[in-house]
Amino acid sequence: MTEQNPPISGKATSIHQISRRKLLKAWGVGSVLGLSTVLSGGLFPGQAFAAARTDKRLVVIILRGGMDGLAALAPYGDPAYRQTRGDLALDQDVLLKVDPFFGLHPALSPLANLYKQGEMIALPASATPYRNRSHFDAQNVLELGSDKPHALNSGWLNRLVGAINVLEGNTRKGNTRSKNKAGSPTSPVGELGLAFGSGLPLIMRGDHDVNAWSPSAMPDTSDDYMSLVQRIYGNDPLLSENLTKALDLQARSEDMTGNEKKMAKQNNSNKSFLNLASLAGRWLGDPDGPRIATLELGGWDTHARQGTEGGRLANNLDILARGIASIKQEMTKSTDGASSWSKTVVVAMTEFGRTAHPNGNLGTDHGTAGTAFLFGGALKSDGGKGRIIHNWPGLAKAQLYENRDLNPTTDLRAIMLGLLSDHYGLSQAVLTRDIYPGSQGLRPFMGLV
Amino acid sequence: MSLSSTKEISAFVAVQRYGMGPARSLGNNGSMKPIMSDPRGWLESQIKTPPAFTSGLSKQTRLESSTNIIKQVAGKRGDSEAAKKAVRSLAKKHYLNESVARFHQAVTSEQPLYERLVLFWSNHFTVSANKKNVIRPIVGAYEREAIRPHVLGTFPEMLRAAIQHPAMLLYLDNASSIGPNSQAGKRRGKGLNENLAREIMELHTLGVNGGYTQDDVIALAKIITGWTLTPRRQGGGGYSFIERLHEPGSHKLLGKNYSQLGESQGLAALDDLALHPSTAKFIATKLARHFIADEPAKEDIRTLSKTYLASNGDLKAMYRTLIRMEAPWRSPLSKVKSPYELLISSARLMAAQSNDITSSKFPFDDRAYRRLIKTLSTFEQLPFSAPSPAGWPDRAVDWISPKATLNRIEWCHAFAQALRPQVNPLELAREAIGAVSGPETLIWIERAPSPVEGLALLLASPEWQRR
């Protein structure tokens, strides 16, 4: 993979790309100025990447479909493990026993390496406050940061972008790039957030300017054509705003990855997750790059024949582990080198766990508590090793939630309240008001980073 | 502001919002003149009888029944690499043929409202090719067998047909769900799979806040145990109710006891779910979202919901209400086309230019269709491949991002360039979008440096990207 995508050397600028920049200036301004109230991040959000702001990185990987946490991190030390998991129990000799009680699934060996370097924290038996078992509502709660589905109209990561901007604005009085009118809810320093994928996931949607990007497989068009399209989009704010952002991102992308077309051609979902993960690593490693990123990986809804050390679930875990490893690999190769990784936390979270017992088809149905994972050079280690933080509820029948699911003993919001507070220096008052409203009673997990 | 008459705007709404883009019969250049006198009548004429699923496919594109396809796949299955390869290529062949056939049908149809409704219901009862290899070859047959025949029928009929189709039973795992106290369950110690039962209530009928609990999910899962595929030794391939797998006894669903024996227990439960007031509201909301606006007004949802309950889920009655109500006609560009809709309407516009409807080149050959289907992979909307059982989303915010916008614009250019049609882009634009476009769009189409770019600009225009 790395051979296909050599690291970026310097800032070589192609003629094509210069012309596109010029084009933006020549045409973009004229047709877009009328929309300045809609465009919140300034005309060239990409240039805003260069503005002084936090050097902390946060990557959120959403695992859609409900990852089986008991397969990813097997509690082999639980006396009821074999009986409860039945045919889905993993043999002790295949598990990666990073801990006397918990073992990582063998497909996660790249993550076991991170654990050994103190760059992984696992949080088993964790869940959002949502207790029913709909994917769509559970993902809604996970992404909104609310205590029930459809209770807010923006994603928590979008609101985090806003909170960080406010914080930076307060702490760096010298930065007066803002083009916004007073009282505007929008970003004073441009876009911090970038979703790697072709659309914005719910977690990133909201008032604050963020973007989505993935490499394109479409043939190039002429600059003439693009400028005419901008003209006729003048009366359509939605299309116009999205096109302007896209052209800017495209110019940046050509800067950084000359061969993105080739990358885009390998377009199946697994490869595309791996490609996007390494692209994310490269961009996040850039001092001028985004600071908050999302990635998504589906395929976790394993209702039938999910497999044990091999099979469908194992394949997906392998993709996830390699993707996370490549984020680190690309970041440490980048211009900012190891220092950007040392300021990074990667969070992998899913909407719910699955039933503790196998169902009738050697699969698992929708459950409650799952396992969340943190990675990154910013994490606090346990004497150089990773950590597993939990209040283990147990796997015996009587210990299960509604006699079927792993009991949720850790609220995902409590993890994030502690993490965001330590990572960014945001106060609990701000976090419980703006990021996770309704979480006031929770005790934040401090000391993760 | 547009200076067009109300008549012209209504014709545009009929063709784009309710239809799938200009129809050939309306005349060259995508003209809408023939329907201006009575756009509502034109739409109502399309929902009287179902169209044949036909049309000028090449000889190698033969469509087969799901039963046959499942048998073919079973016959080739094996552990060897060669067997696996044979199964994959069989799946690919059927999937491509079905995708091409469906695309062709939508592009050439004179009942585009009907074709839109097929897509709507097929999406409501999503079975996705991207879940399992066994699903891929039969997704098209599923739509032809379980959805198309019921588009002008009732919702309870369509619900039953969709749920009992082998594709759905496989997709949502009911085919292998076993009642724990059934004969087979007791002997093998295997059990329930609640996937289909949950999605029936959450996605097909009541909606997620429709008032059911986890206990209801389990009850419905038990009620529909035994709904599975015909075993191979009995011929295989089709739907069967198998008593040995069925959870015996009476089960309580939404406060009502179902004590029927066998399959009739599940059929009674489905009928009750289909006509539940929550279902009426859920279906009304989805139809309103599709035909009126991303966030439809409550009163419009109520209007549709009332029709649903008064007619016991008669779908023709629902469509007539949709056509006759005012809301859809008031805001001609409130919806953004999904990528699939964009490709079909653009292909229909080009088809309206062709004089030779019988030639294999009309408007594209099989290979061109296959290229279009590849394009849909870039747009992340491959035919029959919704990302989850909830189907494709139906709001602009789900389809429009910076990247998606750029993709759409680039595709319009590539499409115009590949076709190089002998048309005057300005004349075409006047007919196709003139009713709703201000002078700006037409001026820049006229000034485009080449006919290809003029046509591309027409397709990329907000007036064409929306409906």
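Visitor: Help me understand the overall build of chain A in this model?
Guide: The number of helices and strands found in chain A is 15 helices and eleven strands. A total of 449 residues make up chain A; the buried ones form 57% of that total. Expressed as a percentage of contacts within chain A between residues at least 6 apart in sequence, the contacts between residues at least 24 apart total 74%.

Visitor: It is not clear to me how the overall build of chain B should be interpreted in this structure. Could you clarify?
Guide: Of the regular secondary structure elements, chain B holds 24 helices and four strands. Projected onto its principal axes, the C-alpha positions of chain B cover 75 × 55 × 40 Å. Burial status across chain B gives 56% buried among its 467 residues. Of the contacts formed within chain B by residues at least 6 apart in sequence, a portion of 72% connects residues at least 24 apart.

Visitor: Help me out: how do you make sense of the pairing of strand S4 (residues 120–127) of chain A in this one?
Guide: Each regular strand displays side chains that alternate between the two surfaces of the sheet. Residue and element names in this part refer to chain A. When you tally the buried positions in S4, you get eight out of eight residues, the bulk of the element. Across two bridges, S4 lies against strand S10 (residues 387–388) in parallel orientation. Across the sheet, the residue bridging to Ile-121 is Arg-387, located in S10. For S4 and strand S11 (residues 410–411), the ladder comprises two bridges, and the chain directions are parallel.

Visitor: Looking at this structure, how should I read helix H6 (residues 139–147) of chain B?
Guide: Because each turn of an α-helix spans 3.6 residues, side chains separated by three or four positions in sequence point in the same direction. Residue and element names in this part refer to chain B. Among the nine residues in H6, eight count as buried, and that is most of the element. Where H6 is concerned, the buried positions are Val-139, Gly-140, Ala-141, Tyr-142, Glu-143, Arg-144, Ala-146 and Ile-147. Buried positions along H6 lie against helix H3 (66–76), helix H4 (81–108), helix H5 (112–124), helix H7 (155–163) and helix H8 (166–171).

Visitor: Even after reading the chapter, I still don't get the interface of chain B and chain A, so can you show me in this structure?
Guide: Interfaces are frequently sized by the accessible area removed from exposure as the parts join. With 47 residues of chain B in contact, the opposing surface of chain A contributes 44 residues. At the level of elements, helix H10 (195–204), helix H18 (366–378), helix H20 (402–419), helix H22 (439–447), helix H23 (451–460) and helix H24 (462–465) of chain B are the ones that each hand at least two residues to the side of chain B that touches chain A. Element by element, the count of residues in the side of chain B that touches chain A is highest for H20 of chain B, at eleven residues. Along the lines of polarity and charge, the residues of the side of chain B that touches chain A split into 20 nonpolar, 17 polar and ten charged.

Visitor: Which parts of the structure should I look at to understand H3 of chain B?
Guide: Residues and elements named next belong to chain B. For H3, the full list of buried residues reads Ser-66, Ile-69, Ile-70 and Val-73. Projected down its long axis, H3 carries its buried residues within an arc of 100°, all on one side. For H3, the secondary structure elements touched by its buried residues are H4, H6 and H8.

Visitor: What should I look at first to understand the environment of Gly-86 of chain A in this one?
Guide: Residues and elements named next belong to chain A. Tracing the chain through its elements places Gly-86 in the loop between helix H4 (81–85) and strand S3 (103–104). We classify Gly-86 as exposed; it has 12 C-beta atoms within 10 Å. Along the primary structure Gly-86 and Ala-356 are separated by 270 residues, whereas in three dimensions their C-alpha atoms are 9.6 Å apart. Each residue touching Gly-86, except ones within four places of it in the same chain, is listed here: His-357 and Pro-358.

Visitor: Help me understand the nonpolar core in this model?
Guide: Soluble globular proteins tend to bury their nonpolar side chains together. In this structure, Ala-280 of chain A together with Leu-220 of chain B are the most contacted members of the largest nonpolar core, which totals 251 residues. Apart from the residues within four sequence positions on either side, Ala-280 of chain A is in contact with Val-59, Phe-196, Ala-293, Leu-295 and Ile-327 of chain A.

Visitor: Explain the packing of H20 of chain B against H23 of chain B here, please?
Guide: Residues and elements named next belong to chain B. Two numbers describe how H20 lies on H23: the axes approach to 8 Å, and their chain directions differ by 140°. As the angle between them shows, H20 and H23 are arranged oblique. Seen from above, H20 lies across H23 with right-handed handedness. Each of Ile-409, Cys-412, His-413, Phe-415, Ala-416 and Gln-417 in H20 lies in contact with H23, whose residues at this interface are Val-452, Leu-455, Ala-456, Leu-459 and Ala-460.

Visitor: Would you mind going over the confidence of the model for chain B with me for this structure?
Guide: Interpreting fine coordinate detail is not advised for predicted regions of low pLDDT. All names here are of chain B. Considering every residue of chain B, the mean pLDDT works out to 90; 93% of them sit at 70 or more. A low-confidence stretch, residues 356–362 (pLDDT under 50), is modelled with five contacts involving residues beyond four sequence positions or located in other chains. Quick note on the complex model: pTM equals 0.74, ipTM equals 0.90.

Visitor: What am I meant to see in unusual backbone geometry here?
Guide: In terms of backbone geometry, most residues other than glycine have negative phi values and most peptide bonds are trans. The phi dihedral of Arg-305 of chain A falls on the positive side, at around 40°, and the residue is not glycine. Tracing the sequence through the fold places Arg-305 of chain A in the loop between strand S7 (292–297) and helix H12 (312–333).

Visitor: Sorry, what's going on with the environment of Leu-459 of chain B here?
Guide: Residue and element names in this part refer to chain B. If you trace the backbone, Leu-459 turns up in helix H23. Residues Leu-459 and Phe-415, 44 residues apart in the sequence, show an inter-C-alpha distance of 9.2 Å. If we skip the residues at most four places from it in the chain, Leu-459 touches Ser-346, Cys-412, Phe-415, Ala-416 and Trp-464.

Visitor: Can you walk me through the packing of helix H14 (residues 412–424) of chain A against helix H15 (residues 428–435) of chain A in this structure?
Guide: The packing of two helices is summarised by the inter-axis angle and the distance between the axes. All names here are of chain A. With their axes 10 Å apart at the nearest point, H14 and H15 run at an angle of 125° to one another. Compared by their axis directions, H14 and H15 come out oblique. Here H14 runs over H15; the crossing is right-handed. Contacts from Leu-417, Leu-420 and Ser-421 of H14 reach H15 at Gln-428, Leu-431 and Ile-435. The residue inventory of the contact of H14 with H15, partitioned by class, reads four nonpolar, two polar and no charged.

Visitor: Just to check I follow, could you spell out the environment of Leu-111 of chain A for this structure?
Guide: Residue and element names in this part refer to chain A. Secondary-structure assignment places Leu-111 in helix H5 (residues 109–116). Looking at Leu-111, the number of C-beta atoms within 10 Å reads 28, which means it is buried. Put simply, Leu-111 and Asn-132 are 21 residues apart on the chain and 30 Å apart in space, counted from C-alpha to C-alpha. Apart from residues no more than four positions distant in its own chain, Leu-111 is found in contact with Leu-104, Met-120, Ala-321 and Ile-324.

Visitor: Before we go on, may I ask you to explain the confidence of the model for chain A in this structure?
Guide: Residues and elements named next belong to chain A. Averaged over every residue, the pLDDT of chain A is 81; the share at 70 or more is 78%. Every residue in residues 1–52 scores below 50 in pLDDT, and together they form 88 contacts with partners more than four places removed in sequence or on other chains. In the model, residues 170–190 has pLDDT below 50 throughout and makes 38 contacts with residues more than four positions away in sequence or in other chains.

Visitor: Sorry if this is basic, but what is going on with the pairing of S7 of chain A here?
Guide: All names here are of chain A. For S7, a buried count of five out of six residues is recorded, marking the element as mostly surrounded by other parts of the structure. In this structure, strand S1 (residues 57–63) lies alongside S7, joined through six bridges in parallel fashion. Paired with Val-60 across the two strands is Thr-294, which belongs to S7.

Cut-offs and rules
Residues numbered from 1 in each chain as written. Chains lettered and ligands numbered in written order. Predicted model: local features only at pLDDT ≥ 70, side-chain atom pairs only at ≥ 80, totals over all residues. Helix = DSSP H or I, 4+ residues; strand = E, 2+ residues; numbered from the N terminus. Buried ≥ 20, exposed ≤ 12 C-beta atoms within 10 Å, placed from the backbone. Contact = placed C-beta atoms within 7 Å. Pairing = 2+ DSSP bridges. Nonpolar A, V, L, I, M, F, W, Y, C, P; charged D, E, K, R; others polar. Arc of directions from axis to C-beta. Core = buried A, V, L, I, M, F, W, Y, C linked by C-beta atoms within 7 Å. Axes fitted to C-alpha atoms, helices over the stretch in contact; angles between N-to-C directions. Parallel < 35°, antiparallel > 145°, perpendicular 65-115°, else oblique. Left-handed = near helix turned anticlockwise from the far one by under 90°. pLDDT = per-residue confidence, 0-100.

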